[in-house]
Amino acid sequence: MNVELDNYPHRRFNPLTNSWILCSPHRAKRPWQGQQETLEDKVIPEHDSQCYLCPRNSRANGNLNPNYSNTFVFDNDYAALINNQPKLLIDNDDESNKSLSSLLKVEIVRGECKVICFSPKHNITIAEMTEEDIIHVIQAWTKIYQNSFSIPFINYVQIFENKGSIMGCSNPHPHCQVWSSESIPEEISKELKSMTKYYEKNNSCLLYELEKVENGQKDLSNIIRNITCRYDNIFQCSFPYSMGIHQAPVDNMNHSHDSHLHLHFYPPLLRSATVKKFLVGYELLAEPQRDITPEYAASILQKCSEIHYKSNIHIAQG
């Protein structure tokens, strides 16, 4: 890669979505007098009696959480998708609505939403968990995904985690969500099309498939612990992000060539622990834009330790 790309604006092609991203690395040097976030460095207890997700506590709907010891899965009390849907009020096939429905289409979508608590500990994040504990989380993801094949109206399972209040997380207790939907979401559809197109052209896969389920779970656990730990170590803070898993749809179609399991991480912090990247202006109206190159971002993570910074603090204090 030409070193000049670190200093001049250019576009990068994303083959996974068949789209382009504007990269403007020189903009990271501009002075910042805008909004700065507050560091979440307050002491958090291992069990919070007011937390809806901690063991033995009551949730918002009144249900009592069990005294769980690793993961805990339950139906989202405020689900974005539900099973029992009313019939569509607008008939798109009605002649009187055809001129309207050709532009303003509406369709009912059914689905299910679940919450997975990673750990009974309120004061921990996945970056601080052991690989063995993360395997429990991966097993919970796998079970929900596999069970979805038996639900006739479910065609896609989206697993995601929003970490940190800056990413809109409503509860600091370590957890993720699973939205299983009747429709295949837009981002997934773009990836499926791109991977199919790539396979038809090159007779090979765009992404690699995990070789063995059991060995794969341990490898994935190590990767997740490693990357989240390094994120925290960049600014020595609980690094916020949105993370999601993309895998094959559960629509009982053959996706051996167009879909392979992979994770997406979307971190908002670039300059410091308190200055985030805003999705506004050009990015909303034109195309995605980044202030650093992927090579530079990768080099920062590579330089970070695999040992969590809090471990070093505890050692120094001890």
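- In the annotation of an unreviewed UniProt entry, the entry for the protein chain reads Galactose-1-phosphate uridylyltransferase, and the organism field reads Diversispora eburnea.
- If you open the UniProt record of the protein chain and go to Sequence similarities (unreviewed entry), you find "Belongs to the galactose-1-phosphate uridylyltransferase type 1 family."
- We quote the UniProt Catalytic activity (unreviewed entry) comment for the protein chain here in full: "alpha-D-galactose 1-phosphate + UDP-alpha-D-glucose = alpha-D-glucose 1-phosphate + UDP-alpha-D-galactose".

### Quick word on the sheet that holds strand E9 (residues 289–290)
No. 1: Across the sheet, which stays open at both edges, the three strands sit in the order E1-E2-E9 with mixed pairing between neighbours. Each end of this open sheet is capped by a strand with a single partner; those strands are strand E1 (10–14) and E9.
No. 2: Across two bridges, the pairing between strand E2 (residues 19–23) and E9 is parallel. The residue bridging Leu22 from the neighbouring strand is Gln289, located in E9.

### A closer look at the side chain of Gln289
No. 1: Residue placement: Gln289 occurs in strand E9.
No. 2: Exposure remark for Gln289: the relative accessible area of 7% places this residue in the buried category.
No. 3: Only 3.4 Å separates the side chain of Gln289 from the side chain of Ser24, close enough to count as a polar contact.
No. 4: Separated by 2.7 Å, the side chains of Gln289 and Asp291 make a polar contact.
No. 5: Excluding residues within four positions of it along the chain, Gln289 makes contact with Ile21, Leu22, Ser24, Arg27, Lys277 and Glu283.

### Side note on the sheet that holds strand E8 (residues 262–266)
No. 1: Across the sheet, which stays open at both edges, the six strands sit in the order E3-E4-E6-E5-E7-E8 with antiparallel pairing between neighbours. Each end of this open sheet is capped by a strand with a single partner; those strands are strand E3 (72–75) and E8. Taken over all neighbouring pairs, the strand axes of this sheet differ in orientation by 20 degrees on average, direction set aside.
No. 2: Where E3 lies against strand E4 (residues 111–117), four bridges are found, and the strand directions are antiparallel. Looking at the pairing, Asp75 lines up with Lys114 of E4.
No. 3: In this fold helix H2 (residues 131–147) packs onto E3, E4, strand E5 (156–163), strand E6 (175–181) and strand E7 (241–246), with an angle of close to 165 degrees to the strand it touches most, E4.

### Looking at the environment of Ala79
No. 1: Turning to its location among the elements, Ala79 is positioned in the loop between E3 and helix H1 (98–101).
No. 2: On a C-alpha basis, the gap between Ala79 and Gln177 in space is 10.0 Å, while along the polypeptide they are 98 residues apart.

### Some details on the state of the cysteines
No. 1: All told, the structure shown has zero disulfides when counted by the stated rule.
No. 2: In this structure Cys117 is a free cysteine whose sulfur lies 7.4 Å from that of Cys51, the closest cysteine sulfur available.

### Some remarks on a nonpolar patch on the surface
No. 1: Where nonpolar side chains cluster on the molecular surface, the patch consists of Leu279, Val280, Leu284 and Leu285 and spans about 470 Å² of accessible area.
No. 2: Turning to its location among the elements, Val280 is positioned in the loop between E8 and helix H5 (282–285).

### What about H2?
No. 1: With 17 residues, H2 should reach 24 Å at 1.5 Å per residue; the first-to-last C-alpha distance of 24 Å fits that figure.
No. 2: Here H2 has its buried residues at Glu131, Ile134, Ile135, Val137, Ile138, Ala140, Trp141, Ile144 and Tyr145.

### Considerations on the side chain of Glu161
No. 1: Among the secondary structure elements, Glu161 is positioned in strand E5.
No. 2: This buried residue, Glu161, is left without a salt bridge; Lys163 holds the nearest opposite charge, at 6.4 Å.
No. 3: A distance of 2.9 Å separates polar atoms of two side chains, one belonging to Glu161 and the other to Tyr241.
No. 4: Those residues in contact with Glu161 that sit more than four places away from it in its chain are Phe118, Ile126, His175, Cys176, Tyr241, Ser242 and Met243.

### Some points on the UniProt feature "binding site: Zn(2+)" (unreviewed entry) in the protein chain
No. 1: As recorded in UniProt, the sites labelled "binding site: Zn(2+)" (unreviewed entry) are Cys51, Cys54, His122 and His173. Spanning 123 residues, the named residues form one tight spatial group whose C-alpha atoms are at most 8.3 Å apart.
No. 2: Structurally, His122 can be placed in the loop between E4 and H2.
No. 3: The exposure class of His122 is buried, given its relative accessible area of 4%.
No. 4: Apart from the residues lying within four places of it in its own chain, the contact partners of His122 are Ile44, Pro45, Glu46, His47, Asp48, Cys51, Cys54, Asn171, Pro172, His173 and Pro174.
No. 5: By the secondary structure assignment, His173 is in the loop between E5 and E6.
No. 6: Among the residues examined, His173 registers a relative accessible area of 1% and is labelled buried.
No. 7: The residues contacting His173, other than those within four sequence positions of it, are Cys51, Leu53, Cys54, Tyr68, Cys117, Ser119, Pro120, Lys121 and His122.
No. 8: A distance of 3.2 Å separates polar atoms of two side chains, one belonging to His173 and the other to Tyr68.

Definitions and cut-offs
Residues numbered from 1 in each chain as written. Predicted model: local features only at pLDDT ≥ 70, side-chain atom pairs only at ≥ 80, totals over all residues. Heavy atoms only, no water. UniProt positions renumbered as here; feature names shortened; annotations may be inferred. Pairing = 2+ DSSP bridges. Helix = DSSP H or I, 4+ residues; strand = E, 2+ residues; numbered from the N terminus. Buried < 20%, exposed > 50% of the residue type's maximum accessible area, 1.4 Å probe, protein only. Polar contact = N/O pair within 3.5 Å; in protein donor to acceptor, adjacent residues only side chain to side chain. Contact = heavy atoms within 4.5 Å. Axes fitted to C-alpha atoms, helices over the stretch in contact; angles between N-to-C directions. Disulfide = S-S within 2.5 Å. Patch = residues over 30% accessible without salt bridge, like charges linked within 9 Å, V, L, I, M, F, W, Y side chains within 5 Å. Areas by Shrake-Rupley, 256 points an atom, 1.4 Å probe, with all protein chains shown as cover. Salt bridge = Lys/Arg side-chain N within 4 Å of Asp/Glu carboxyl O. Expected span 1.5 Å × (residues − 1). Lys, Arg positive; Asp, Glu negative; His and termini not counted.

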